[in-house]
Amino acid sequence: MPVLRYNAAMLEFFNQYSAVIVVGVSLLLVAFATNGFRRRKKTLIVVAVTLAVLTLGYFQVRTGPSSVPVAVAVDDALTGNRPVLMEVYSDF
């Protein structure tokens, strides 16, 4: 049974830190693609631009504040007489 706990913990880790892992791997690939760290200035510029693009992309697609601020408002909306579309999303 310890194997199942280990797998669940690893899956939880990769799920929570997937964005950081993808950004890190992307930066490494970009750095190696630009002459494998031989020309430092060019590599640093390309890595910095890539990091900026990935960061701006993250801020562009992340969710904003909730339109329903408290749980009581969710209960009121669900028990009302109108149809309700509930969307649950997490940035992780």
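Coordinates for the structure precede this section.
Reference entry: report on the structure contained in this document. (Residues numbered from 1 in each chain as written. Predicted model: local features only at pLDDT ≥ 70, side-chain atom pairs only at ≥ 80, totals over all residues. Heavy atoms only, no water.)

Running from N to C, helix α2 (residues 18-33) and helix α3 (residues 40-61) point in directions that differ by 150 degrees, and their axes come no closer than 9 Å. Compared by their axis directions, α2 and α3 come out roughly antiparallel. Seen along the crossing, α2 lies across α3 with a hand that is right-handed. From α2, Val-23, Ser-26, Leu-27, Val-30 and Ala-31 reach across to α3, where they touch Thr-43, Val-46, Val-47, Thr-50, Leu-51 and Leu-54. Here the contact of α2 with α3 is built from residues that sort into 8 nonpolar, 3 polar and no charged. (Axes fitted to C-alpha atoms, helices over the stretch in contact; angles between N-to-C directions. Helix = DSSP H or I, 4+ residues; strand = E, 2+ residues; numbered from the N terminus. Parallel < 35°, antiparallel > 145°, perpendicular 65-115°, else oblique. Left-handed = near helix turned anticlockwise from the far one by under 90°. Contact = heavy atoms within 4.5 Å. Nonpolar A, V, L, I, M, F, W, Y, C, P; charged D, E, K, R; others polar.)

All right, on to a nonpolar patch on the surface then. Residues Phe-13, Phe-14, Tyr-17, Val-20, Ile-21, Val-25 and Leu-29 make up a contiguous nonpolar surface patch of roughly 650 Å² in combined accessible area. Those elements that provide at least two residues to the nonpolar patch are α1 (2-16) and α2. Element by element, the count of residues in the nonpolar patch is highest for α2, at 4 residues. (Patch = residues over 30% accessible without salt bridge, like charges linked within 9 Å, V, L, I, M, F, W, Y side chains within 5 Å. Areas by Shrake-Rupley, 256 points an atom, 1.4 Å probe, with all protein chains shown as cover. Salt bridge = Lys/Arg side-chain N within 4 Å of Asp/Glu carboxyl O.)

What follows deals with the layout of surface pockets. Of the voids in this model, the second largest pocket is the one considered here, and its volume is about 370 Å³. As for the second largest pocket, its lining consists of 15 residues, of which Ser-66, Ser-67, Val-68, Met-86 and Glu-87 are closest to the centre. Looking at the lining of the second largest pocket, its residues break down into 10 nonpolar, 4 polar and 1 charged. (1 Å grid on protein atoms, 1.4 Å probe; cavity = no way out; pocket = protein on both sides within 12 Å on 5 of 7 lines; lining within 4 Å. Points joined across faces, edges and corners; volume = space filled by probe spheres on them.)

The first and last C-alpha atoms of α3 sit 31 Å apart over 22 residues, in line with the 32 Å expected at 1.5 Å per residue. On its buried face, α3 is in contact with α2. (Expected span 1.5 Å × (residues − 1).)

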